[in-house]
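# Architecture and fold: a report
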Amino acid sequence: MSQDKYESWMRAALDCAHEALESDDVPVGAIVLDEAGNIVGSGFNRREADHDPTAHAEIVAIREAAEVTGSWRLDGHTLVVTLEPCAMCAGAIAQSRIKTVVFGAWDEKAGAVGSVWDVLRDPRAPFRVEVISGVREEECAQLLNEFFTSRR
């Protein structure tokens, strides 16, 4: 897969992340693509808007993709997200059988796809997920840094 494709997909996830700002939520965005590269799910953090601690961008996008495809099994699908998934989201990724995760910025406090934990590539896990990190990393990190700086 070409790096240009990943960059284009991350641009779509960043567009979703900007939508989170409207509800004063942490700007994280995610998209789910089918095997042909079509977006079948998208989401952004909605914890504040929905008063739901599970409404992370990844979960919102996975739920939409499952609805659109008519199946909880997202075999062969790719999740693109602006921030390294947390343990909850990594669990949902594994349970939905997503094949590939592409993320931008690392989450040194709660990341579960390589920084703090590596849930998706743990040798004891029943499913293996390909992980591609650092796509448009600076742009993804800058959006988060600006958000948190404005609240301090």
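For the structure given in this document, a descriptive report is provided here. (Residues numbered from 1 in each chain as written. Predicted model: local features only at pLDDT ≥ 70, side-chain atom pairs only at ≥ 80, totals over all residues. Heavy atoms only, no water.)

## Examining the overall build of the chain
How we decide: Helix numbers and strand numbers start at the N terminus; a helix is a DSSP run of H or I with at least 4 residues, a strand a run of E with at least 2. A contact between two residues is defined here by any heavy atoms of the two lying within 4.5 Å. Computed by Shrake-Rupley with a 1.4 Å probe, the accessible areas treat only the displayed protein chains as cover when residues are assessed.
Looking only at helices and strands, one finds 5 helices and 5 strands in the chain. Along the chain, helices and strands appear, N-terminal first, in the series α-β-β-α-α-β-α-β-β-α. Here the analysis covers contacts within the chain between residues at least 6 apart in sequence; of these, 55% occur between residues at least 24 apart. Carbon together with sulfur atoms contributes 49% to the accessible area of the chain, which is approximately 7,700 Å² in total.

## A short note on helix α4 (residues 87–95)
In plain terms, the rule: Relative accessibility decides the category of a residue: with a 1.4 Å probe and only protein chains considered, values under 20% of the type maximum give buried, values over 50% give exposed, and everything between is partly exposed. The reported arc concerns the directions from the helix axis to the C-beta atoms and nothing else.
Along α4, the residues classified as buried are Cys 89, Ala 90, Ile 93 and Ala 94. Down the axis of α4, the smallest arc covering the buried residues is 140°, so these residues share one side. One or two steps after α4, the chain reaches Arg 97, where phi turns positive at roughly 65°.

## Some thoughts on the pairing of strand β2 (residues 39–44)
Quick reminder of the rule: Here the rule is simple: two strands pair whenever DSSP picks up at least two bridges between them.
When strand β1 (residues 29–33) meets β2, the two strands line up antiparallel, connected through 5 bridges. Note on β2: the bridge partner recorded for Val 32 is Gly 41. Where β1 folds back onto β2 in an antiparallel hairpin, the turn is made up of 5 residues, including Gly 37, whose phi is positive at roughly 90°.

## Describing unusual backbone geometry
In this model, Asp 24 sits at a positive phi of 60°, which is unusual for a non-glycine residue. Positive phi is not limited to glycine here, since Arg 97 has a value of about 65°. Along the chain, the position of Arg 97 falls in the loop between α4 and β4 (100–105).

## With respect to the sheet that holds β2
Rule in force here: Note on method: axes are straight lines fitted to C-alpha atoms, helices fitted across the in-contact stretch only, with angles between N-to-C directions ranging 0 to 180 degrees.
Spatial ordering of the open sheet is given by β2-β1-β3-β4-β5, a layout of 5 strands whose pairing is mixed. Of all strands in the sheet, those with a lone pairing partner are β2 and β5 (130–132), marking the two edges. Adjacent strand axes in the sheet meet at a mean angle of 15°, parallel and antiparallel pairs treated alike. Where β1 lies against strand β3 (residues 78–83), 4 bridges are found, and the strand directions are antiparallel. Within the sheet, the bridge partner assigned to Val 32 lies in β3 and is Leu 79. Sheet strands touched by helix α3 (residues 57–69): β1, β2 and β3. Its angle to β2, the strand with the most contacts, is close to 150°.

## Side note on the packing of aromatic side chains
Our working rule: Between 30 and 60 degrees the pair is tilted, below 30 it is stacked and above 60 it is edge-to-face, where a pair is any two Phe, Tyr or Trp rings, Trp via its six-membered ring, whose centres lie within 6.5 Å.
Using the criterion set out here, one finds 3 aromatic pairs in the structure. Between Phe 103 and Trp 106, the aromatic rings sit 4.9 Å apart at their centres with planes inclined by 90°, giving edge-to-face as the arrangement. A relative accessible area of 30% places Trp 106 in the partly exposed class. Ring centres 5.1 Å apart and planes at 80° place the aromatic pair Phe 147 and Phe 148 in the edge-to-face group. When its relative accessible area of 36% is taken as the criterion, Phe 148 is described as partly exposed.

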